[in-house]
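Structural characterization, general
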Amino acid sequence: MKLLQHTLFVSLIAFSLTPAYHGLEIIGGRDVKPHSKPYMASIQVFNNATKSYQHICGGALIRPNWVLTAAHCEFDLNVKPVHVVLGIDSLKKKSNKALNVKQKIPHICFDEDSKDNDIMLLQLDSEAKLDKFVNVLPLPKNTKDMKTGTVCTVAGWGKTKVKSNELSDNLKEVNVTIIDRKKCNSRKYYNNKPVITNNMLCAGDRKGGKDSCKGDSGGPLICNNVLSGIVSHGTLCGLAKKPGIYTRLTEKYVQWIQKITTSTFQQNV
Ligand SMILES: *[C@@H]1O[C@H](CO)[C@@H](O)[C@H](O)[C@H]1NC(C)=O
C-alpha cells in the first residue's frame, strides 16, 4: 500500500509538471487491428541527447498536410525539429512516412489552467501521400453534443504501465462511454475541478479501468464512426470517478479548422 501511495504521489507531481499531464496510457485497451487507423499520427520531437525522435502526442491527419491535435502538446519549433509519423502501428518500426511540422497553430483561446480550447493544428511541410496505410479522417458533418452512454473509441501510443515510463510500442485502442457533463462536474466526480465546459466531453467506464492517459494526448475520440473529440486532460488515469476529459469537436472548432486549413493566407494565421 505504501508503495502504491508513493507511486500515486510521484504521479501527481509528474502530472502537474508535464504539459501532457493526463495522459498515462491507453488503459484497459488492446492492440488495434493492423493499419485499421490510417489517420493516426505520432507527433515526435527530436531529442538531442539520444539523437532520435521521441513520441510526445497523438494526432489525426485531417487533410494531407494538416494534423489535428491538442494545444497542450507543447514544443518549440525554433528549438527542436518536430515531425509527424504516419502509416505506422508500431513506434519502433522505422517509417519513411515522416513529415516535418512547418507551423503549429494552437487555438488562440487555449487556457493552460482550465484547458479550455485544447485544440491545435499542425501544418506539415508537404502533403502526405495517401494510400492503404495513410489516409485522412473526415471532419464531422454533425457536431451535435454526444448523448450520455454513447460508446466511443480512443487510440494512442501512451504508456501502458503506470509504474514504467515506457510508451506502448503498438497502437492501442479502448472503448469509453460518454458520461453526462453535469454528473462529471458533480461532487463525486470532478467537483468542478477542473470545470468540464460545453467545449469538452467526459468519457470513461462506470467501473473505471478504461481510459486514455499520458502520451495519448491529442489523439482522436471517435463516436459512431465520427471524429468527436481530442484527448485532453483528467486526473490520473482509469479511475471511475475521474474519467478522461476530451475537447469536443464543436461547430465553432470545425469552422476554425476549415478556415485555417483552406485559407490562402496560411502563413499569417
Ligand atoms: C467497442 O465498441 C464498438 C462499437 O460499439 C464495438 O463494435 C466493439 O466490439 C467494442 N469493442 C470492445 C473491445 O468492446
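This text goes with the structure placed above it.
Here goes a summary of the coordinates provided. Because the structure is predicted, anything quoted here is derived from the model rather than measured. (Residues numbered from 1 in each chain as written. Predicted model: local features only at pLDDT ≥ 70, side-chain atom pairs only at ≥ 80, totals over all residues. Heavy atoms only, no water.)

1. Examining the packing of aromatic side chains
Counted by the stated rule, this structure contains 1 aromatic pair. The interplanar angle of 70° and the centroid separation of 5.2 Å between the aromatic rings of Phe46 and Tyr53 together place this pair among those described as edge-to-face. Residue Phe46 is classed as buried on the basis of its relative accessible area, which comes to 19%. According to the relative accessible area criterion, Tyr53 is partly exposed, its value standing at 29%. Lying across the ring of Phe75, Lys104 places its NZ or CZ 5.1 Å from the centre. Geometry around Tyr190 places Lys242 over its ring, the cationic atom sitting 5.3 Å from the centre. (Phe/Tyr/Trp six-rings, centres within 6.5 Å; stacked < 30°, edge-to-face > 60°. Buried < 20%, exposed > 50% of the residue type's maximum accessible area, 1.4 Å probe, protein only. Lys NZ or Arg CZ within 6 Å of the ring centre and 35° of its normal.)

2. Here's the deal with the site of the ligand
Around the ligand sit Arg30, Val151 and Asn175, and those are all the residues in its vicinity. Contacts to the ligand include Asn175, whose side-chain N or O atom sits 2.3 Å from an oxygen atom. Taking 360 Å² as the accessible area of the ligand by itself, protein coverage stands at 35%. (Near = heavy atom within 4 Å. Polar contact = N/O pair within 3.5 Å; in protein donor to acceptor, adjacent residues only side chain to side chain. Areas by Shrake-Rupley, 256 points an atom, 1.4 Å probe, with all protein chains shown as cover.)

3. So, the side chain of Thr69
Following the sequence through the fold, Thr69 ends up in strand 4 (residues 66-69). Only 2.9 Å separates the side chain of Thr69 from the backbone oxygen of Gly58, close enough to count as a polar contact. (Helix = DSSP H or I, 4+ residues; strand = E, 2+ residues; numbered from the N terminus.)

4. Concerning the pairing of strand 3 (residues 52-63)
Both faces of the sheet carry side chains from a regular strand, because those side chains alternate between them. Across 8 bridges, the pairing between strand 2 (residues 40-47) and strand 3 is antiparallel. Paired with Ser42 across the two strands is Gly58, which belongs to strand 3. The turn joining strand 2 and strand 3, which pair antiparallel and follow one another in sequence, is formed by 4 residues; a positive phi near 55° is taken by Lys51. Pairing of strand 3 with strand 4 involves 3 bridges; the strand directions are antiparallel. Paired with Arg63 across the bridge in strand 4 is Trp66. (Pairing = 2+ DSSP bridges.)

5. Overview of the sheet that holds strand 6 (residues 98-106)
Pairing is antiparallel around the closed barrel formed by 6 strands, whose spatial order is 2-3-4-7-6-5. Taken pair by pair, the neighbouring strands of this sheet meet at an average axis angle of 45°, ignoring direction. As paired elements, strand 4 and strand 7 (residues 120-124) share 4 bridges and run antiparallel to each other. Residue Val67 lies in a different strand from strand 7, and its bridge partner there is Leu122. (Axes fitted to C-alpha atoms, helices over the stretch in contact; angles between N-to-C directions.)

6. With respect to the pattern of salt bridges
Counted by the stated rule, this structure contains 6 salt bridges. With a closest N to O distance of 3.2 Å, Asp131 and Lys97 form a salt bridge. On the criterion of sequence distance, the pair formed by Asp131 in the loop between strand 7 and strand 8 (151-156) and Lys97 in the loop between strand 5 (82-86) and strand 6 is long-range, its members being 34 residues apart. Owing to a relative accessible area of 27%, Lys97 belongs among the partly exposed residues under this scheme. Across the pair Arg181 and Asp145 runs a salt bridge whose closest N-O atoms are separated by 2.8 Å. Here Arg181 is found in helix 2 (residues 181-185), whereas its partner Asp145 is found in the loop between strand 7 and strand 8, with 36 residues between them in sequence. A relative accessible area of 16% places Arg181 in the buried class. (Salt bridge = Lys/Arg side-chain N within 4 Å of Asp/Glu carboxyl O.)

Function cannot be read off these values alone, since they describe shape.
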